[in-house]
Amino acid sequence: DFILVTGASGYIASHAAKEFLKEGYKVRGTVRSEEKGKYLKDLFAKDGLNDFEYAIVKDIVEDGAFDEAVNGVDAVAHLASPFYTSGVKDPQELIGPALKGTTGILNSVQKNNPKVKRVVITSSVAAVMSVRSRKAPVVYTEDDWNVDSIKHVEENGVNSDGGDSYRASKTLAEKALWKFVEDNKPNWDGVAINPPLVLGEVIHQVEDPSKLNTSVALFYDWAAGKKTDKDLPGGGGNWVNVKDVALAHVKALTVPEAGGNRFIVGAGPFACQDYCDILHKRFPELKNIPVGKPGTHDEICKDANVFDGTKATKVLGFQYETLEDTVVEMTESLRKRFGNF
Ligand code: NDP
């Protein structure tokens, strides 16, 4: 089968494309430039994965942006969407591409490719959690929807919180998927993948650390010695390994029962103290890693929200990697890329 992966030059999407190739699928990735496409083709070829081609889609908000890219494929994995929460001047910077990217690809499939059997959209726990109206600790499942952020953005406009702007963008985009399915009863069925913070090996093109994607950038400062004990225990959150997220996209397109479902793909809570403990244990030569209170994960995370990722393990059938392995893979790939820090 032939899979279209949008935003293939991104952190998660580059892994998703690789995972599809490893499973024997042919992949077309959309990228914004020739250079990014060539980088990926070379990257995959080094692992003997040659069934990759790219298509240029400069801006997913343009009308008909995906009209050509969808031709001939059997399934679509849509990952392109802006992810940042600081320096947001207007929530529409995020909402525009998130929403139009989603409706755009669905319309292009509808119009140009009746062969498509399934579409998986990368949503987020941002579309699941209601952090303004529900006090932690909450155990969130796929039954939960973010009921706060769209309202917040409607009420606050350009003065909206950056986090809510991003969370509103993901909520609106996922809702658009389910509404499209309901309204159009298409030939294909939809799946949403809802990860928390995605961590692990970096394989996509990144010129320098300032260009890292949001989730890895947050980690980089810890490993590169830019944090101090004052920053600990460090905002907890839930996390998942990027390869598990990539594999979830593959399974979402291949497991028949997955159709029509959303899946939280999350391995549980962590705190930045955990980063430090692992860095001390596995990379003792690194400088300026805060010490904090080693081994206090349970205490720090006892009142954390939990995004329950068990449905994904049962239906999609995979196991989550450990945080230790994930941090080691991420650190090694960053050191390889940017030199020893
Ligand atoms: P990246 O920033 O690495 O990837 C985003 C991709 O989308 C890039 O390829 C980017 O292209 C592309 N893109 C963004 N805006 C446009 C646009 N207007 N036109 C064309 N392409 C565009 O982020 P991630 O890999 O982390 O995110 C991928 C998906 O996963 C997103 O949907 C995100 O919301 C979701 N997600 C991420 C999580 C995380 O922790 N990383 C957690 C939960 C969900 P370019 O690189 O050329 O700018």
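Now for a look at the structure at hand. Everything numeric here is computed off the predicted structure, so don't read it as measured data. (Residues numbered from 1 in each chain as written. Predicted model: local features only at pLDDT ≥ 70, side-chain atom pairs only at ≥ 80, totals over all residues.)

Overview of unusual backbone geometry
For the bond from Ala 136 to Pro 137, the omega torsion is 0 degrees, close enough to zero to count as cis. If you trace the backbone, Pro 137 turns up in the loop between β5 (118-122) and β6 (139-140). Look at the link from Leu 232 to Pro 233: it is a cis peptide, with omega at 10 degrees. Mapped onto the secondary structure, Pro 233 falls in the loop between α6 (214-223) and β9 (237-241). In this structure, Lys 185 takes a positive phi of about 40 degrees despite not being glycine. Checked against the element boundaries, Lys 185 lands in the loop between α5 (162-184) and β7 (189-194). (Helix = DSSP H or I, 4+ residues; strand = E, 2+ residues; numbered from the N terminus.)

Comments concerning the site of the ligand
Taken together, 25 residues lie near the ligand, and Gly 7, Gly 10, Tyr 11, Ser 81 and Ser 215 sit nearest. Going through the elements one at a time, α1 (11-22) and β8 (197-199) are the ones with two or more residues in the shell around the ligand. Considering each element in turn, the shell around the ligand owes the most residues, three residues, to α1. Among the residues making up the shell around the ligand, the classes are represented as 14 nonpolar, eight polar and three charged. (Near = placed C-beta within 6 Å. Nonpolar A, V, L, I, M, F, W, Y, C, P; charged D, E, K, R; others polar.)

Observations regarding the sheet that holds strand β1 (residues 2-6)
Strand order in this open sheet of seven strands is β3-β2-β1-β4-β5-β7-β10, and the pairing throughout is parallel. The open sheet is flanked by β3 (52-56) and β10 (262-264), the only strands paired with a single partner. With direction set aside, neighbouring strand axes in the sheet form an average angle of 20 degrees. One ladder, built from four bridges, connects β1 with strand β2 (residues 26-31); its direction is parallel. Residue pairing in the sheet places Ile 3 in a bridge with Val 27 of β2. Running over the sheet, helix α2 (residues 34-46) touches β2 and β3 and is turned about 170 degrees from β3. Its contacts with the sheet put helix α3 (residues 92-112) on β1, β4 (75-78) and β5, and the angle it makes with β4 is roughly 170 degrees. (Pairing = 2+ DSSP bridges. Axes fitted to C-alpha atoms, helices over the stretch in contact; angles between N-to-C directions. Contact = placed C-beta atoms within 7 Å.)

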